[in-house]
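What the coordinates show
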Amino acid sequence: MNAPVRAEDLYPGLRPVSFDELRHVPGPKPARFRTWRTIQFLRDPRGTIHRLAATYGPVFRRQDLFGWGVTLLGPEANELVLFNRDRIFSSRLGWEPTLNLLFPNGLMLMDFEQHRVHRKILSVAFKPAPMKAYLAGLNEGIARALARWPADRPMRFYPAIKALTLDLAAGSFLGVPWGPEAEAINRAFMDMVLAAVGVVRKPLPFTQMRRGVKGRAFMCAYFAREIPKRRGASGDDIFTQIVNAEDENGRQLSDQEIIDHMNFLMMAAHDTLTSSLTSLVYYLGRHPEWQEKLRAEVDGVKASFGEPLPHEALAELELCEMAFKEALRLVPPVPMLPRRAVKPFTFSGYEIPAGAGVGINILYTHMMPEHWPEPERFDPMRFSTQLSASRHKYAWVPFGGGAHMCLGLHFAYMQAKAFLFRLLLERRIGLAPGYHCDFQLLPIPRPKDGLPVTLSRR
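Throughout what follows, the structure given in this document is the object of discussion. Source: prediction; values computed, not measured. (Residues numbered from 1 in each chain as written. Predicted model: local features only at pLDDT ≥ 70, side-chain atom pairs only at ≥ 80, totals over all residues. Heavy atoms only, no water.)

Overall, mixed pairing links the five strands, which are arranged β1-β2-β8-β5-β3 in an open sheet. Two strands in the sheet have a free side with no partner beyond their single neighbour: β1 (59-64) and β3 (89-90). Alignment of β3 against strand β5 (residues 336-341), held across two bridges, turns out to be antiparallel. Bridged to serine 90 within β5 is arginine 340. Sheet contacts for helix α3 (residues 45-56): β1, β2 (67-72), β5 and β8 (357-361); angle to β1, the most-contacted strand, approximately 135 degrees. Sheet strands in contact with helix α4 (residues 75-83) are β2, β3, β5 and β8, and its direction is about 130 degrees off that of β8. (Pairing = 2+ DSSP bridges. Helix = DSSP H or I, 4+ residues; strand = E, 2+ residues; numbered from the N terminus. Contact = heavy atoms within 4.5 Å. Axes fitted to C-alpha atoms, helices over the stretch in contact; angles between N-to-C directions.)

This is how it looks when you write it as structure tokens:
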């Protein structure tokens, strides 16, 4: 396919905005030390956004390492930005300052027609036939991992599920077990993700960004070695599907396009699932009554369909899906979404110029009491058909929305259900009395203590 399109060619003349151009929007004054303000936000993103909203309202200007912009809060703001009816908001320009050194030209860093073409090509990997094949591998990998996890003593859940999701990604995405390479792959991806939100934005010696760039080089070399082996080959894994996928004119992706997409998809699938399964297990441990409800559902599905979990039984795990959605509400794996306006627009009476950064905050929306009564409470029944239908459809957006809705949405649901099915059939989730998990929310939420949990046998 064609070479990557440069941002400056897509949006000629677009420039960052100044404080004076946003002076009419309420918000903090210019900071003498922008780095310190960013560090404060990274330390406490939830508290910071709630303080800003309480002080300035649902629309306010903000200053970060990348310049001036605005934050828009609430479901109406989410709908405006994510549905993007008038093509005002660029996902590419929003994510590029954070991800371009590490995940350039991934699907999230594409806009409009280019995004549509690439998304259509990549979607072949998530059609029903390959999804059924992925499930078989997931069932095997999950059962194998659970057999190794201790049942008679506490374990740290987060590193264990991280290793498992990496193994599952190796099978589903690449069709091969990585074995001894898993630790190196894990380290490379972690270095890339942590570097994405590092304060130092250049790969200087001894910095996280330097480690992230080295991690990317490691992964690029791995994919480059594998692509020639997959051209013209058949296989149910995502990598082989993408290598051989064609656009509307019969053209295949170039090697570099495949490398960029695989780097991004592997990161997106691995780290977000690790985070969401961790928060789900935590809340089921805190709420044993819900754990038992889900276990009864799992037992019923096993009685009707047998095991391992077949693809046609996924739809029967309704309570499991509702609990997963509630965990995603409480701890969204992507807490906020950045965009940049490529046209001027008006929202809530404020005129915002082209070039302004635009952020929506999922953490905030998911805790708005007018949409989520008692928002801190874990209650999967919020996602019953009746309650879901009565709520603003952009009040719950852990997978984004519009044209950039997460491509692997159904893959994520399938992995979560496969994991819960096996876990609840075999184990009970136990937490220490009075335990409360403190999550580090950025870049992707994770428990600061690894989530100590006991998974005793039934």
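Okay, a nonpolar patch on the surface next. Among the surface-exposed residues, Val199, Val200 and Leu204 lie close enough to one another that they form a single nonpolar patch of about 210 Å² accessible area. Take valine 200: it is sitting in the loop between α9 (182-196) and α10 (208-230). (Patch = residues over 30% accessible without salt bridge, like charges linked within 9 Å, V, L, I, M, F, W, Y side chains within 5 Å. Areas by Shrake-Rupley, 256 points an atom, 1.4 Å probe, with all protein chains shown as cover. Salt bridge = Lys/Arg side-chain N within 4 Å of Asp/Glu carboxyl O.)

Let us look at the side chain of glutamate 257. Structurally, glutamate 257 can be placed in helix α12 (residues 255-286). At 2.9 Å, the side chain of glutamate 257 and the backbone nitrogen of serine 254 are in polar contact. (Polar contact = N/O pair within 3.5 Å; in protein donor to acceptor, adjacent residues only side chain to side chain.)

Where helix α13 (residues 288-305) meets helix α14 (residues 318-330), the axes come as close as 8 Å, and the angle between the chain directions of the two elements is 145 degrees. The residues of α14 that touch α13, namely those facing Trp290, Lys293, Leu294, Glu297 and Val298, are Glu318, Leu319, Cys320 and Ala323. Class assignment of the residues belonging to the contact of α13 with α14 gives a composition of six nonpolar, no polar and three charged. (Nonpolar A, V, L, I, M, F, W, Y, C, P; charged D, E, K, R; others polar.)

This paragraph deals with the sheet that holds strand β9 (residues 427-430). The sheet built from three strands is open, its strands ordered β4-β12-β9 with antiparallel pairing. The sheet is open, and its two edges are formed by β4 (155-156) and β9, each paired on a single side. Pairing analysis gives four bridges linking β9 to strand β12 (residues 452-457), with the strands arranged antiparallel. Following the sheet pairing, isoleucine 429 is matched in β12 by leucine 455.

Below, the discussion takes up the pairing of β5. Across five bridges, β5 lies against β8 in antiparallel orientation. Within the sheet, the bridge partner assigned to proline 338 lies in β8 and is glycine 359.

Its volume calculated, the second largest pocket comes out at about 460 Å³. Lining the second largest pocket are 25 residues, and of these Arg46, Cys437, Asp438, Phe439 and Leu441 lie nearest its centre. Every element with two or more residues in the lining of the second largest pocket is listed here: α2 (34-43), α3, α12 and β10 (439-440). Residues of the lining of the second largest pocket, tallied by class, amount to 15 nonpolar, three polar and seven charged. (1 Å grid on protein atoms, 1.4 Å probe; cavity = no way out; pocket = protein on both sides within 12 Å on 5 of 7 lines; lining within 4 Å. Points joined across faces, edges and corners; volume = space filled by probe spheres on them.)

Here the focus is the pattern of salt bridges. Here the structure, examined in full by the defined rule, presents 29 salt bridges. Put simply, arginine 382 and glutamate 326 hold a salt bridge, and the shortest N to O gap is 2.9 Å. Taken as a pair, arginine 382 in the loop between α15 (362-365) and α16 (385-389) and glutamate 326 in helix α14 lie far apart in primary sequence, 56 residues in all. The residues arginine 382 and glutamate 326 share a single accessibility class, namely buried. For glutamate 426, the salt bridge goes to arginine 422, with nearest N and O atoms at 3.2 Å. Within this pair, glutamate 426 and its partner arginine 422 are both found in helix α17 (residues 409-426), separated by four residues, close to a single helical turn. Residue glutamate 426 is classed as partly exposed on the basis of its relative accessible area, which comes to 25%. For arginine 422, a relative accessible area of 13% translates into the label buried. Sharing partners across several salt bridges, the network here consists of Glu113, Arg116, Lys120 and Glu248. (Buried < 20%, exposed > 50% of the residue type's maximum accessible area, 1.4 Å probe, protein only.)

Let us look at α3. Look at α3: 16 Å from first C-alpha to last across twelve residues, which is about the 16 Å you get at 1.5 Å a residue. All of the buried residues along α3 are Pro45, Gly47, Thr48, Ile49, Leu52 and Ala53. Of the residues trailing α3, glycine 57 is marked for its positive phi of about 100 degrees. (Expected span 1.5 Å × (residues − 1).)

Let us look at empty space enclosed by the protein. This structure, assessed with the given rule, holds two cavities of 30 Å³ or more. Empty space within the largest cavity amounts to approximately 80 Å³. Contributing to the lining of the largest cavity are Tyr158, Met190, Val193, Leu194, Asp271, Gln440, Leu442, Pro443, Ile444, Pro445 and Arg446. Class assignment of the residues belonging to the lining of the largest cavity gives a composition of eight nonpolar, one polar and two charged. Elements represented by at least two residues in the lining of the second largest cavity include exactly α8 (157-174), α12 and α17. Across the lining of the second largest cavity, the residue classes tally to five nonpolar, three polar and no charged.

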